[in-house]
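One-letter residues, chain by chain:
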Amino acid sequence: NAGVTQTPKFQVLKTGQSMTLQCAQDMNHNSMYWYRQDPGMGLRLIYYSASEGTTDKGEVPNGYNVSRLNKREFSLRLESAAPSQTSVYFCATTTDRVQPQHFGDGTRLSIL
Amino acid sequence: DQQVKQNSPSLSVQEGRISILNCDYTNSMFDYFLWYKKYPAEGPTFLISISSIKDKNEDGRFTVFLNKSAKHLSLHIVPSQPGDSAVYFCAASANSGAGSYQLTFGKGTKLSVIP
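Nothing here was measured: the structure is a model prediction, and the numbers come from that model.

Enquirer: Please give an account of the interface of chain B and chain A that cites residues and values.
Expert: With 23 residues of chain B at the contact, the number on the chain A side is 23 residues. The junction of chain B with chain A conceals about 1800 Å² of combined surface from both sides, 58% of it contributed by carbon and sulfur atoms. By the criterion of area lost to chain A, the three top residues of chain B are Tyr32(B), Tyr101(B) and Phe105(B), representing 31% of everything that side buries. Where chain B packs against chain A, one counts 0 salt bridges. Contributing elements (two or more residues each) for the side of chain B that touches chain A: strand S4 (30-38), strand S5 (45-51), strand S9 (86-94) and strand S10 (103-105) of chain B. Counting residues per element, the side of chain B that touches chain A draws most heavily on S4(B), at 5 residues. A breakdown of the residues in the side of chain B that touches chain A according to their chemical character gives 12 nonpolar, 7 polar and 4 charged.

Given below as structure tokens:
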């Protein structure tokens, strides 16, 4: 998935620490998304940005903040990490809603 | 309440046979449906999609069928190959409002193709 780059790939945090997950795309897509995947739960939308300058909450936004820095970059911030936020986080992008979303390879986050 | 349901957590199929993965949805506003495949330690990759104005879409070995009256779609893989072993996610998008930019995913079905 060269078009959507997520950093870091792995991270271990202690409860209460803060962290920013980065996502950058070179596909010139308007819309960007952050999901989390937990075992047996599928992918759940945390936040999305339909276009540069806009952000909206998804299904599970509590405990997270986002920033659409520019058209290429969309970051996800955990202000005070909790064990319940241990998950695999995926960033995705698309040109518009009737086009497939393209995913990065994920950030595996463990909070102790 | 789950709006997109994949009721079979797993499926095993012999190589060369047909794999049929099922997905049900409850939201009548959904008008665009997708299937994604996911290998371990990788992001989901797009497989095939279908608009609600169609009832079938085919791409090589993969065919998606949509039954709007039953709110049901299925993915057929023929013939199944060992490389098809992965988790398959069904996803749907609504046609209006804030939800129109969101994909709602099912929980996935793990397909194992046995050589």
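So much for the structure itself; the text now carries on.
Enquirer: I'd like to hear about the packing of aromatic side chains, residue by residue, with values.
Expert: Enumeration according to the criterion identifies 14 aromatic pairs over all chains in this entry. For the ring pair Phe90(A) and Phe103(A), a centre distance of 6.5 Å and an interplane angle of 80 degrees mean the geometry is edge-to-face. In this pair, Phe90(A) is assigned in strand S9 (residues 87-94) and Phe103(A) in strand S10 (residues 102-103), connecting sequence segments 13 residues apart. By relative accessible area, Phe103(A) is classed as buried at 1%. Three or more aromatic residues joined by ring pairs form one cluster here, namely Tyr33(A), Tyr35(A), Tyr48(A), Phe90(A), Phe103(A), Tyr36(B), Phe46(B), Phe89(B) and Phe105(B).

Enquirer: Please give an account of the environment of Asn57(B) that cites residues and values.
Expert: All names here are of chain B. With respect to the helices, strands and loops of the structure, Asn57 is situated in strand S6 (residues 56-59). Note on Asn57: relative accessible area 24%, which makes it partly exposed. Considering only alpha carbons, one finds Asn57 and Asn7, 50 residues apart in sequence, at a separation of 22 Å. When near neighbours in sequence (up to four residues on either side) are disregarded, Asn57 contacts Ile48, Ser49, Ile50, Phe62, Thr63 and Val64. Reaching out from Asn57, the side chain makes a polar contact with the backbone oxygen of Ser49 at a distance of 2.6 Å.

Enquirer: Outline the nonpolar core, listing residues and values.
Expert: Of all hydrophobic cores here, the largest spans 24 residues; its most connected members are Phe30(B), Phe33(B), Trp35(B), Leu73(B), Leu75(B), Ile77(B) and Tyr88(B). When residues of this core are traced back to their parent elements, those giving at least two are strand S3 (19-25), S4, S5, strand S7 (62-67), strand S8 (72-77), S9 and strand S11 (109-114) of chain B. A per-element tally of this core places S9(B) first, with 5 residues. Beyond its immediate sequence surroundings of up to four residues, Phe30(B) is in contact with Gln3(B), Val4(B), Tyr25(B), Ala92(B), Ser93(B), Ala94(B) and Thr104(B). The next biggest cluster of nonpolar side chains, apart from the first, holds 20 residues, and it includes Tyr47(A), Leu76(A), Leu78(A) and Leu109(A).

Enquirer: Lay out empty space enclosed by the protein in plain terms, naming residues and giving numbers.
Expert: Taken as a whole and judged by the stated rule, the model has 1 cavity of 30 Å³ or more. When its volume is computed, the largest cavity comes out at roughly 50 Å³. Residue composition of the lining of the largest cavity, grouped by class: 5 nonpolar, 6 polar and 1 charged.

Enquirer: Could you give me a rundown of unusual backbone geometry, with the residues and numbers involved?
Expert: In this structure, the amide linkage connecting Thr7(A) to the following residue, Pro8(A), adopts the cis form with an omega of -5 degrees. Inspection of the secondary structure assignment puts Pro8(A) in the loop between strand S1 (4-7) and strand S2 (10-13). The linkage connecting Val78(B) with the following residue, Pro79(B), adopts the cis geometry, with an omega of -15 degrees. Of note, Pro79(B) is situated in the loop between S8 and S9. Of note, the phi angle at Asn28(A) is positive, near 60 degrees, even though the residue is not glycine. For Ala41(B), which is not glycine, the phi torsion reads 65 degrees and is therefore positive. With respect to the helices, strands and loops of the structure, Ala41(B) is situated in the loop between S4 and S5.

Enquirer: So, a nonpolar patch on the surface: which residues are in play, and what are the values?
Expert: Where nonpolar side chains cluster on the molecular surface, the patch consists of Ile18(B), Ile20(B) and Val78(B) and spans about 230 Å² of accessible area. Here Val78(B) falls in the partly exposed class, since its relative accessible area comes to 43%.

Enquirer: Before we move on, can you summarise the pattern of salt bridges with the specific residues and values?
Expert: Residue and element names in this part refer to chain A. This structure, assessed with the given rule, holds 4 salt bridges over all chains. Here Asp38 makes a salt bridge to Arg36, at a shortest N to O gap of 2.9 Å. For Asp38, a relative accessible area of 10% translates into the label buried. Relative accessible area serves as the criterion here: at 8%, Arg36 is assigned to the buried category. A salt bridge links Asp38 to Arg44, with the nearest nitrogen and oxygen atoms 2.7 Å apart.

Procedures and definitions
- Residues numbered from 1 in each chain as written.
- Chains lettered and ligands numbered in written order.
- Predicted model: local features only at pLDDT ≥ 70, side-chain atom pairs only at ≥ 80, totals over all residues.
- Heavy atoms only, no water.
- Contact = heavy atoms within 4.5 Å.
- Buried area = accessible area lost by both parts, 1.4 Å probe.
- Salt bridge = Lys/Arg side-chain N within 4 Å of Asp/Glu carboxyl O.
- Helix = DSSP H or I, 4+ residues; strand = E, 2+ residues; numbered from the N terminus.
- Nonpolar A, V, L, I, M, F, W, Y, C, P; charged D, E, K, R; others polar.
- Phe/Tyr/Trp six-rings, centres within 6.5 Å; stacked < 30°, edge-to-face > 60°.
- Buried < 20%, exposed > 50% of the residue type's maximum accessible area, 1.4 Å probe, protein only.
- Polar contact = N/O pair within 3.5 Å; in protein donor to acceptor, adjacent residues only side chain to side chain.
- Core = buried A, V, L, I, M, F, W, Y, C linked by side-chain atoms within 4.5 Å.
- 1 Å grid on protein atoms, 1.4 Å probe; cavity = no way out; pocket = protein on both sides within 12 Å on 5 of 7 lines; lining within 4 Å.
- Points joined across faces, edges and corners; volume = space filled by probe spheres on them.
- Patch = residues over 30% accessible without salt bridge, like charges linked within 9 Å, V, L, I, M, F, W, Y side chains within 5 Å.
- Areas by Shrake-Rupley, 256 points an atom, 1.4 Å probe, with all protein chains shown as cover.

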